[in-house]
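Listed below are the residues making up each chain.
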Amino acid sequence: MIGTTTVAISGGGPAGVLLGLLLARQGVEVTVLEKHADFLRDFRGDTVHPSTQLILQELGLLEEFQGIVRGRIGGVDFGTSDGPLVRADLARVHPRHPFHEIALAPQWDLLDLLVRHANQYPTFGIVMEAETTDALFAAGSVRGVRYRKDGRDHELRAVLTIDAEGRGSGLRESIGTELLRFGVPIDVLWFRVPRLPDDASDLRGVLGHGGVVVAINREDYWQIALLVRKGSADEVRAAGLPTFRQRVGSIAPWLQGRLDAIDDWDQVKLLSVAIERLRRWSAPGILAIGDAAHTMSPVGGVGINLAVADAVATSNLLGPSLLRAQRDPGRFAKTLNPALLERVQRRRGAATAITQRIQVAAQNRIIEMVDSPEDRRLTPPAPVRMLLQSVAAQAVPRVFAYGLRPERVALRPQDEVAARAKAPVS
Ligand SMILES: Cc1cc2nc3c(=O)[nH]c(=O)nc-3n(C[C@H](O)[C@H](O)[C@H](O)COP(=O)(O)OP(=O)(O)OC[C@H]3O[C@@H](n4cnc5c(N)ncnc54)[C@H](O)[C@@H]3O)c2cc1C
């Protein structure tokens with residue numbers, strides 16, 4: 001079957017669904033294709049940073065969003081197994097911002113909320129269990145996608161195709177560019193342990209010999225990430241669960257006693273960490289955003305938030321041109337000006353690259369310390385600690401939680417009219 005739309009978005013993650021909503025809100029016809037039947041994925045990113053909360057507020061979704069928040073983080077404590085090191089309070093990191101907490105909301109609930117809201121716009125469409133197989137080309141330009149649904153092949157012609165397929169994107173091959181890979185020395189093992197009523201509520205990171213433990217407060221449990229040297233997960237498993245529990249407990253002694261809750265390796269999931277970036281995010285007729293354009297490390301929990309920022313920038317920069325193109329009866333035989341698509345990377349590229357550089361530096365430093373001899377104290381001398389507290393504990397959380405180049409949702413013509421009507425007459 002052959003269908004048509006103005007924008008075909010392959011991938012219903014945070015980048016694809018939010019972009020669909022934002023474009024449909026402007027009147028652009030959008031079809032999102034998602035290969036899964038629902039959004040349920042365990043251990044996916046769910047740290048919704050202040051930068052994203054502001055965007056949800058601008059879209060009038062904040063109240064509904066509060067209903068799906070399962071925890072909040074107002075500060076970050078980072079220490080070593082020798083003792084505390086630095087603490088960052090988000091309220092002090094960016095006092096003028098309206099939001100000072102990282103909200104924890106299951107990614108599937110957030111996506112359901114966005115789709116519910118997007119569905120009220122007649123130009124929004126989402127097809128579940130629809131897997132994109134390749135791009136449709138004409139005259140050297142991508143003109144839509146081919147996808148499989150219900151065991152059949154379909155074609156969706158589009159003025160613009162968005163690759164929002166995430167870190168394993170197959171569609172990005174059609175951009176024909178290099179995938180830059182940055183040395184990543186870590187992998188992450190994720191698991192849950194019970195949280196006690198008297199436990200602290202902030203995010204806690206502890207650096208020890210043998211790994212880093214990051215504990216994220218999920219109200220009734222801690223989601224724990226154990227950062228280990230890349231490729232060592234099999235070794236960790238081979239050593240057995242008692243050794244694993246002992247390793248975690250020796251890095252974060254406050255978790256001892258509850259680690260017995262881990263009694264099966266099925267409870268421990270491996271995230272193979274990658275930091276990658278496309279050299280070019282677009283080609284005629286196609287643009288990659290979110291993880292498809294730049295896979296982030298879990299350090300700083302920025303993945304969703306950068307995907308959201310890409311979606312907002314894309315909608316702001318391309319929405320009006322797409323609306324104009326939509327009115328042209330010959331649109332499916334034409335190529336949208338490629339320079340327009342390049343503007344998205346020009347806007348988002350530098351902030352993304354710098355954030356990735358900070359992640360690489362942080363990971364390298366972490367692994368260097370984790371691998372240091374057992375008798376070496378991990379806590380640096382007092383002057384270094386003071387420097388870390390005054391610089392790193394303020395600047396790094398600011399970059400991660402608020403973003404280097406935050407995006408705001410552009411007003412639509414009807415919003416501007418409403419804003420003028422509300423403004424007091426002088
Ligand atoms: C284990 C884990 C933990 C993470 N923790 C955090 C965290 O705490 N905080 C944070 O901010 N980020 C975290 N991330 C990263 C975060 O989840 C991603 O950065 C974010 O989801 C990227 O959004 P996206 O929309 O670009 O891609 P994704 O969320 O990956 O969405 C891509 C979508 O495309 C669909 N898809 C793929 N191929 C096709 C196809 N051929 N046809 C149709 N659909 C397709 C997929 O099913 C998926 O729904 C984590 C990631 C993982 C894997």
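Look above for the structure.
Position numbers for residues count from 1 along each chain, tracking the sequence in the order it is written. Since the coordinates come from a predicted model, pLDDT governs what is reported: local features require at least 70, and pairs of side-chain atoms require 80 or more to be given and counted, while whole-chain, interface and lining totals use all residues. Side-chain metrics in this entry use all non-hydrogen atoms of the structure; hydrogen atoms and water are not considered.

A. Spatial organisation of the sheet that holds strand β5 (residues 75-80). Two strands qualify as a pair provided DSSP detects at least 2 bridges between them. In this description a helix means any DSSP run of H or I spanning at least four residues, a strand means any run of E spanning at least two, and both kinds are numbered starting from the N terminus. Taken in spatial order, the seven strands of this open sheet run β6-β5-β14-β15-β16-β13-β17, and their pairing is mixed. Strand pairing shows two members of the sheet lacking a second neighbour, β6 (83-89) and β17 (269-271), which therefore form its edges. Going across the sheet, the axis of each strand differs from the next one's by a mean of 20°, ignoring polarity. By the bridge criterion, six bridges tie strand β15 (residues 211-217) to strand β16 (residues 221-229) in an arrangement that is antiparallel. If you follow V214 over to β16, its bridge partner there is A225. It only takes one pair of heavy atoms within 4.5 Å for two residues to be counted as in contact. Inter-axis angles, ranging from 0 to 180 degrees, are taken between N-to-C directions of lines fitted to C-alpha atoms, where helices are fitted over the stretch in contact. Together, β13 (186-194), β14 (203-208), β15 and β16 form the strand contacts of helix α9 (residues 338-370), whose direction differs from that of β14 by roughly 50°.

B. Broad picture of unusual backbone geometry. Non-glycine residue E129 carries a positive phi angle of around 55°. Inspection of the secondary structure assignment puts E129 in the loop between β8 (124-128) and β9 (131-138). Burial here depends on accessible area, computed with a 1.4 Å probe over protein chains only, as a share of the maximum for the residue type. Under 20% is buried, over 50% is exposed, and the range in between is partly exposed. Judged by relative accessible area, which is 47%, E129 ranks as partly exposed. Here the phi dihedral of D150 falls at roughly 50°; this positive angle occurs in a residue that is not glycine. With a relative accessible area of 67%, D150 lands in the exposed category.

C. How the structure looks around the packing of helix α8 (residues 303-326) against α9. The geometry of α8 relative to α9 is characterised by a closest axis approach of 9 Å and an angle of 160° between their N-to-C directions. Here α8 lies roughly antiparallel to α9, going by the angle between them. In the crossing of α8 with α9, the sense of the turn from one axis to the other is right-handed. The residues of α9 that touch α8, namely those facing L306, A309, D310, A313, T314, L317, L318 and S321, are L340, L341, R343, V344, R347, R348 and T355. Residues are grouped as follows: Ala, Val, Leu, Ile, Met, Phe, Trp, Tyr, Cys and Pro are nonpolar; Asp, Glu, Lys and Arg are charged; every other residue, Gly included, is polar. Taken together, the residues of the contact of α8 with α9 sort by class into eight nonpolar, three polar and four charged. Roughly parallel here means an angle under 35 degrees, roughly antiparallel means over 145, roughly perpendicular means 65 to 115, and every remaining angle is called oblique. Here a crossing is taken to be left-handed if its near helix is turned anticlockwise relative to the far helix by less than a right angle, and right-handed if that turn runs clockwise.

D. Examining the side chain of T123 more closely. Here T123 lies in the loop between α5 (107-118) and β8. Nitrogen and oxygen atoms within 3.5 Å of one another constitute a polar contact, given that in protein one can donate a hydrogen and the other can accept it, and given that sequence-neighbouring residues count only through two side-chain atoms. From its side chain, T123 meets the backbone oxygen of A24 in a polar contact 3.3 Å long. Among all residues touching T123, those that are not within four sequence positions of it are A24, G27, V28, E29 and V30.

E. Here's a closer look at empty space enclosed by the protein. Both site types are read off a 1 Å grid over the protein atoms alone. A 1.4 Å probe that fits but cannot get out defines a cavity, while an open set with protein on both sides within 12 Å along at least five of seven lines defines a pocket; lining residues have an atom within 4 Å of a point. Grid points are joined across faces, edges and corners, and a volume is the space filled by probe spheres set on the points. Taken as a whole and assessed by the stated rule, the structure comprises two cavities of 30 Å³ or more. Of the volumes computed, that of the largest cavity is approximately 130 Å³. S51, N305, L306, Y402 and G403 are, among the 19 residues lining the largest cavity, the residues nearest its centre. Tallying contributions element by element places α8 first for the lining of the largest cavity, with four residues. Classifying every residue of the lining of the largest cavity by side-chain character gives 10 nonpolar, six polar and three charged. Elements with a minimum of two residues in the lining of the second largest cavity: α2 (50-58) and α5. The dominant element in the lining of the second largest cavity, judged by the number of residues it contributes, is α2, at three residues. The residue inventory of the lining of the second largest cavity, partitioned by class, reads six nonpolar, one polar and no charged.

F. Summary view of α5. The end-to-end C-alpha separation of α5 is 16 Å, in line with the 16 Å expected for 12 residues at 1.5 Å each. Judged by how many residues are buried, α5 sits mostly within the fold: nine of 12 residues are covered. Within the span of α5, buried status applies to Q107, D109, L110, L111, L113, L114, V115, H117 and A118. Where α5 is buried, its residues contact α1 (14-25), β3 (47-48), α2, α3 (62-66), β8 and α8. In this scheme, a helix's expected span is set at 1.5 Å multiplied by one less than its residue total.

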